[in-house]
Amino acid sequence: MQDPDLDLVLRGGTVVTAEGQRPADVAIRDGRVVAVADRGGGRAEMPAGKRDIDATGRLLLPGGIDPHVHLHTAGAEPGEPLWVDDFTSGSEAALAGGITSLGNMSNVLPWESIADRVALERAVVERQAIADVFFHMFIVAPTTAVIDEVGRAVHAGQPSMKIFMCMPTFEANVPQYTRVMKAAGEAGGITLVHCEDLATIECCTTMLTDHARGDLSHFAESRPIEAETVATDRAIAMCRATRAPTYIVHLSSARALAACAAARAEGLPIFVETRPLYLHMTAERYRERDGALYVAMPPLRAADDREALWRGLADGSIDTVASDHAPWTRELKLDPNLNVAHCRSGVAELDTMLPLLYTEGVMTGRLSPERFVALTSTNAARLFGMYPRKGTIAVGSDADIAVWETRERRTIRDGDLFSRAGHSVYAGRELRAWPQLTLRRGEVVFENGKVLGRPGSGRPIERGATQRPQR
């Protein structure tokens with residue numbers, strides 16, 4: 001029997017959310033989930049929709065939410081793009097990797113208001129994006145006008161601000177940035193903080209250069225763990241002073257994680273993100289012939305740090321995994337003129353982040369499927385004001401769903417990627433899980449290796465206040 005009111009039914013799969021998993025069929029209408037029906041036990045079979053998709057033997061996971069990407073917005077910022085992916089190619093890479101929502105880092109330039117920047121970014125999304133998009137406002141110049149605007153911006157659906165501690169503007173404006181945090185927190189928002197101490201970085205970089213050790217094989221020494229821990233301690237102190245929700249981006253070391261865990265035990269609203277690089281690689285990579293490919297800020301760390309992060313994913317001391325997708329071509333990364341003082345930071349991660357994390361985390365027993373969903377979808381949705389519209393599979397939620405295959409193996413290959421970087425630092429690694437099909441608001445936008453969604457079909461995501469994550 002067919003129900004003409006149902007646009008699509010996913011049939012035969014196992015639905016996995018942060019709360020649990022069960023064999024169930026999922027019915028979709030007008031971009032939303034309208035039924036999640038358990039199978040068996042004498043229950044009536046779900047009627048057919050206009051399209052039925054057989055998901056037998058596969059997992060149905062909420063679409064991934066990557067809360068930390070850098071996609072260039074040509075036409076919305078002056079100068080040449082910093083990275084090679086825009087909202088179209090970035091969306092394609094994301095959807096192929098099971099990610100349906102992207103949190104882009106958006107610079108509020110000194111002559112702009114927050115509202116100006118939001119309007120510019122929304123216009124680019126509406127032209128280019130296939131995935132849905134939200135914005136984190138990086139406050140370049142915390143002027144009185146911008147500080148006064150923060151609370152209004154949060155109430156208007158822009159609840160996340162960002163601070164870079166490793167930029168000269170931070171040290172010159174610490175009181176003003178503290179006011180940004182407090183204003184965001186009081187309005188129900190959250191502040192993201194890049195925790196690296198500029199003075200430590202400059203000192204180490206100068207010493208390396210003075211001793212003719214400024215090539216990128218010494219990159220980890222130019223930004224040591226001390227630079228991260230000094231800044232993390234400072235961010236925690238700012239959180240303690242303001243009681244404002246504070247989100248530490250791309251945390252890389254055991255010592256920084258321990259400091260955040262202690263602050264959380266104290267009752268502070270500190271939340272932690274890590275990134276794939278620190279889970280799958282260590283600093284020895286910089287000594288390789290193509291070591292510059294792995295340059296990112298903070299740098300790769302030691303094996304003990306990597307293992308501490310894996311423990312943090314499992315025990316709840318880390319809340320999210322985000323890509324910090326900042327892609328360059330191989331040629332740009334390997335430019336021989338680059339050094340520890342002038343480098344191109346970032347790698348392409350959107351195609352591979354979730355399949356690699358599932359392979360190395362869930363398939364090895366380090367993480368449960370439910371914890372994987374919390375780390376890659378639900379917690380970001382809660383922290384950044386989108387839950388339960390995003391981040392779960394439930395009646396009323398957006399039908400952002402990835403159908404995962406876990407019964408076969410495949411290898412990461414540069415030629416299969418959608419990012420314009422054209423290469424992956426994980427090329428050659430074997431995957432034991434990947435998205436076979438991705439739905440964004442009920443539309444099949446990726447299927448069997450092909451992106452089907454059209455540029456401009458993605459939407460800016462309307463958001464509310466921050467919520468505590470799933471632990």
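Basis of the calculations
- Residues numbered from 1 in each chain as written.
- Predicted model: local features only at pLDDT ≥ 70, side-chain atom pairs only at ≥ 80, totals over all residues.
- Heavy atoms only, no water.
- Core = buried A, V, L, I, M, F, W, Y, C linked by side-chain atoms within 4.5 Å.
- Buried < 20%, exposed > 50% of the residue type's maximum accessible area, 1.4 Å probe, protein only.
- Helix = DSSP H or I, 4+ residues; strand = E, 2+ residues; numbered from the N terminus.
- Contact = heavy atoms within 4.5 Å.
- Expected span 1.5 Å × (residues − 1).
- Arc of directions from axis to C-beta.
- Pairing = 2+ DSSP bridges.
- Salt bridge = Lys/Arg side-chain N within 4 Å of Asp/Glu carboxyl O.
- Polar contact = N/O pair within 3.5 Å; in protein donor to acceptor, adjacent residues only side chain to side chain.
- Phe/Tyr/Trp six-rings, centres within 6.5 Å; stacked < 30°, edge-to-face > 60°.
- Lys NZ or Arg CZ within 6 Å of the ring centre and 35° of its normal.

## So, the nonpolar core
If you look at the biggest cluster of nonpolar residues, it comprises 101 residues, and the most contacted ones within it are Ile 114 and Met 161. Of all the elements, helix 5 (residues 174–187) adds the most residues to this core, at seven residues. Not counting residues up to four positions away in its chain, the partners in contact with Met 161 are Ile 114, Met 137, Ile 139, Val 150, Ala 153, Val 154, Val 180, Ala 184, Ile 190, Thr 191 and Leu 192. Counting residues in hydrophobic clusters, the runner-up holds 18 residues, among them Ala 24, Ile 28, Ile 401 and Leu 439.

## Section: helix 2 (residues 114–128)
Compared with an ideal rise of 1.5 Å per residue, which puts 15 residues at 21 Å, helix 2 spans 21 Å between its outermost C-alpha atoms and is within 8% of the ideal. For helix 2, the set of buried residues is Ile 114, Arg 117, Val 118, Glu 121, Val 124, Val 125 and Gln 128. Within helix 2, the buried residues cover an arc of 130 degrees as seen down the axis, which keeps them to one side. Buried residues belonging to helix 2 abut helix 1 (87–96), strand 8 (99–108), strand 9 (132–139), helix 3 (144–155) and strand 10 (160–164).

## Section: the pairing of strand 2 (residues 14–17)
In this sheet, strand 3 (residues 20–29) lies alongside strand 2 in antiparallel orientation, the contact comprising four bridges. Residue pairing across strands places Val 16 opposite Gln 21, the latter belonging to strand 3. Here strand 2 hands over to strand 3 after two residues, the two strands then running antiparallel side by side. Relative to strand 6 (residues 59–62), strand 2 runs parallel, the two being bridged by two bridges. Residue pairing across strands places Thr 14 opposite Leu 59, the latter belonging to strand 6.

## Structural notes on the sheet that holds strand 12 (residues 246–248)
Spatially, 7-8-9-10-11-12-13-14 is the arrangement adopted by the eight strands of the open sheet, whose pairing is parallel. Lying at the two open borders of the sheet, with one neighbouring strand each, are strand 7 (64–69) and strand 14 (320–321). As paired strands, strand 13 (residues 270–274) and strand 14 are joined by two bridges and run parallel to one another. Directly across from Thr 274, in strand 14, lies its bridge partner Val 321.

## Observations regarding the pattern of salt bridges
Throughout the structure, instances matching the rule amount to 36 salt bridges. Residue Asp 324 is joined to Arg 275 by a salt bridge in which the shortest nitrogen-to-oxygen separation is 3.5 Å. A residue pair is termed long-range when its members are at least 10 positions apart, and Asp 324 in the loop between strand 14 and helix 12 (330–333) and Arg 275 in the loop between strand 13 and helix 10 (276–280) qualify at 49 residues. You can call Asp 324 buried: its relative accessible area is 8%. A relative accessible area of 1% places Arg 275 in the buried class.

## Structural notes on the side chain of Thr 466
By the element assignment, Thr 466 lies in the segment after strand 20 (450–451). Among the residues examined, Thr 466 registers a relative accessible area of 19% and is labelled buried. One polar contact links the side chain of Thr 466 to the main-chain carbonyl oxygen of Leu 383, over a distance of 2.6 Å. Residues contacting Thr 466, with those up to four places away along its chain left out, are Gly 188, Gly 189, Ile 190, Pro 245, Arg 382, Leu 383 and Gly 385.

## Details of the packing of aromatic side chains
Applying the stated rule across the entire model yields ten aromatic pairs. Note on Tyr 247 and Phe 384: the rings are 5.0 Å apart at their centroids and 70 degrees apart in plane angle, and the pair reads as edge-to-face. Of this pair, Tyr 247 sits in strand 12 while Phe 384 sits in the loop between helix 14 (369–383) and strand 15 (401–405), and the two are 137 residues apart along the sequence. Phe 384 gets classed as buried once you look at its relative accessible area, which sits at 0%. Aromatic ring contacts, followed pair by pair, group Phe 134, Tyr 247 and Phe 384 into a single cluster. Cation over ring: Arg 366 sits above Trp 310, and NZ or CZ is 4.3 Å from the ring centre. The ring of Tyr 387 has Arg 382 lying over it, and the distance from NZ or CZ to the ring centre is 4.9 Å.

## Here's the deal with the side chain of Ser 457
Examined against the element boundaries, Ser 457 turns out to sit in the segment after strand 20. Residue Ser 457 is classed as buried on the basis of its relative accessible area of 9%. For Ser 457, the side chain forms a polar contact with the side chain of Arg 440, separated by 2.9 Å. Residues contacting Ser 457, with those up to four places away along its chain left out, are Ala 129, Ile 130, Arg 440 and Arg 441.

## Regarding the pairing of strand 1 (residues 8–11)
The side-chain alternation of strand 1 yields two buried faces, one formed by Leu 8 and Leu 10 and the other by Val 9 and Arg 11. Pairing analysis gives three bridges linking strand 1 to strand 3, with the strands arranged antiparallel. Residue pairing in the sheet places Val 9 in a bridge with Ala 27 of strand 3. Bridge analysis of strand 1 against strand 5 (residues 51–54) gives four bridges, and the strand direction is parallel. By the bridge assignment, Arg 11 is partnered in strand 5 with Asp 54.

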